[in-house]
Amino acid sequence: MAQELKALAFKELFDLKNKAVIVTGGASGIGFASARRLAEAGAAVVIADLVPDIGKKKTRELTDSGLKAAFVKCDVTREPEVAGMVDFAVKTFGRLDIIVNNAGAYPKRVITEMDTKFWDKVMDLNMKGVYLCSYYASQRMIKQGQGGSIVNIASASAFHPTLGFTAYDSSKSGVWMFTRTLAAELAPHKIWVNSVSPGPIHTEGTSSPEDVAFNQSRVNRILMQRIGRPDEIANIVLFLASPASSFITGSDIVADGGWSLT
């Protein structure tokens, strides 16, 4: 029988001291909320994003608060940049223990108006990016020999199709199955892989009048009768990245206010 872990004291459950984390798409929305929450738990956080000006500004918000953070520009669809992102984390903080694969896009287009270029762009960012980041991060974790955690941001849309989001919904369903399969493959290395599936969330990326109207139209189908906040997803990311979830791998947590039940 495998050796059982000792029970942790309450204050140890969410303690991430001496842990290094990468959050992709970490300069805004769920990504930045997660970066902040993980840093508050004691982790050294690398914010990886495409937009240096915003990414550096958000990183300063954390460091000015006394938290450990650094920024690296990264396009998660480009393999050399992903490899460089992982190298940057290790050079900056000495190790890599957790990666949050949050970078993604939420474009709307019905299939009758879609071309191959649009489909490939969504799949490259939402699926290929998750694969590349998970591959390079897990290779580092395996080399360290101390396990680790991968948290993927999927979507409640993986289980609850929405008209006009064929590419997006399909990509997030792929993230869900990728999470489960990767968890099985990396378990021998004590690397736990889980995902979070948010429902409608207020973020900078959903602030256009069209997006606001679209989200509000869904409120009457959300049992909690409101749109979610980025920090509510970040709390789940912290849980899955921390010792509090020590017996969970290959799982998905749906956080949609009950939207998928209606």
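Details of the structure are given in the entry above.
Just so it is clear, the model here is predicted, and its values are computed rather than measured. (Residues numbered from 1 in each chain as written. Predicted model: local features only at pLDDT ≥ 70, side-chain atom pairs only at ≥ 80, totals over all residues. Heavy atoms only, no water.)

Visitor: What am I meant to see in the pairing of strand E5 (residues 148–153) here?
Guide: Side-chain direction in a regular strand flips from residue to residue, so the side chains alternate between the two faces of the sheet. The element E5 is largely enclosed, with a buried count of six among its six residues. Residues Gly-148, Ile-150 and Asn-152 of E5 are buried on one face, and the alternating residues Ser-149, Val-151 and Ile-153, pointing to the opposite face, are buried as well. The pairing of strand E4 (residues 98–101) with E5 spans four bridges and is parallel. Residue pairing across strands places Asn-101 opposite Asn-152, the latter belonging to E5. Regarding topology, helix H4 (residues 116–144) serves as the crossover connection from E4 to the parallel E5, and that connection is right-handed. When E5 meets strand E6 (residues 191–198), the two strands line up parallel, connected through six bridges. Residue pairing in the sheet places Val-151 in a bridge with Asn-194 of E6. The parallel pair E5 and E6, bridged by helix H5 (residues 166–186), forms a crossover whose chirality is right-handed. (Buried < 20%, exposed > 50% of the residue type's maximum accessible area, 1.4 Å probe, protein only. Helix = DSSP H or I, 4+ residues; strand = E, 2+ residues; numbered from the N terminus. Pairing = 2+ DSSP bridges. Right-handed = clockwise from strand over helix to strand, strands pointing away.)

Visitor: Just checking my understanding: could you explain unusual backbone geometry for this structure?
Guide: Most peptide bonds take the trans configuration, and most residues that are not glycine carry a negative phi. Unusually for a residue other than glycine, Asn-18 sits at a positive phi of about 70°. The residue Asn-18 is located in the segment before strand E1 (20–24) in this model. With a phi close to 60°, Gln-225 is a non-glycine residue in the positive phi region. Relative to the helices and strands, Gln-225 resides in the loop between helix H6 (209–218) and helix H7 (230–241). Residue Gln-225 is classed as partly exposed on the basis of its relative accessible area of 49%.

Visitor: Looking at this structure, I do not really get empty space enclosed by the protein. What am I missing?
Guide: If a probe the size of a water molecule is rolled over the atoms, the empty space left behind becomes visible. This model, assessed by the stated rule, comprises one cavity of 30 Å³ or more. Taken as a whole, the largest cavity holds about 30 Å³ of empty space. If you trace the largest cavity, you find it lined by Thr-24, Val-76, Asn-101, Asn-102, Ala-103, Leu-125, Gly-129, Val-130 and Cys-133. In terms of residue count, the dominant contributor to the lining of the largest cavity is H4 (four residues). For the lining of the largest cavity, the residue count by class is five nonpolar, four polar and no charged. (1 Å grid on protein atoms, 1.4 Å probe; cavity = no way out; pocket = protein on both sides within 12 Å on 5 of 7 lines; lining within 4 Å. Points joined across faces, edges and corners; volume = space filled by probe spheres on them. Nonpolar A, V, L, I, M, F, W, Y, C, P; charged D, E, K, R; others polar.)

Visitor: Help me understand the pairing of strand E2 (residues 44–49), please; the structure alone is not making it clear to me.
Guide: E2 sits mainly inside the fold: six of its six residues count as buried. Bridging between E1 and E2 involves five bridges; their strand directions are parallel. Paired with Thr-24 across the bridge in E2 is Ala-48. Handedness of the crossover is the feature at issue here: the chain leaves E1, passes through helix H1 (residues 29–40), returns alongside E2, and the resulting connection is right-handed. With five bridges joining them, E2 and strand E3 (residues 69–73) adopt parallel strand pairing. Looking across to E3, one finds that Val-45 is bridged to Ala-69.

Any link to function would need more than the numbers given here.
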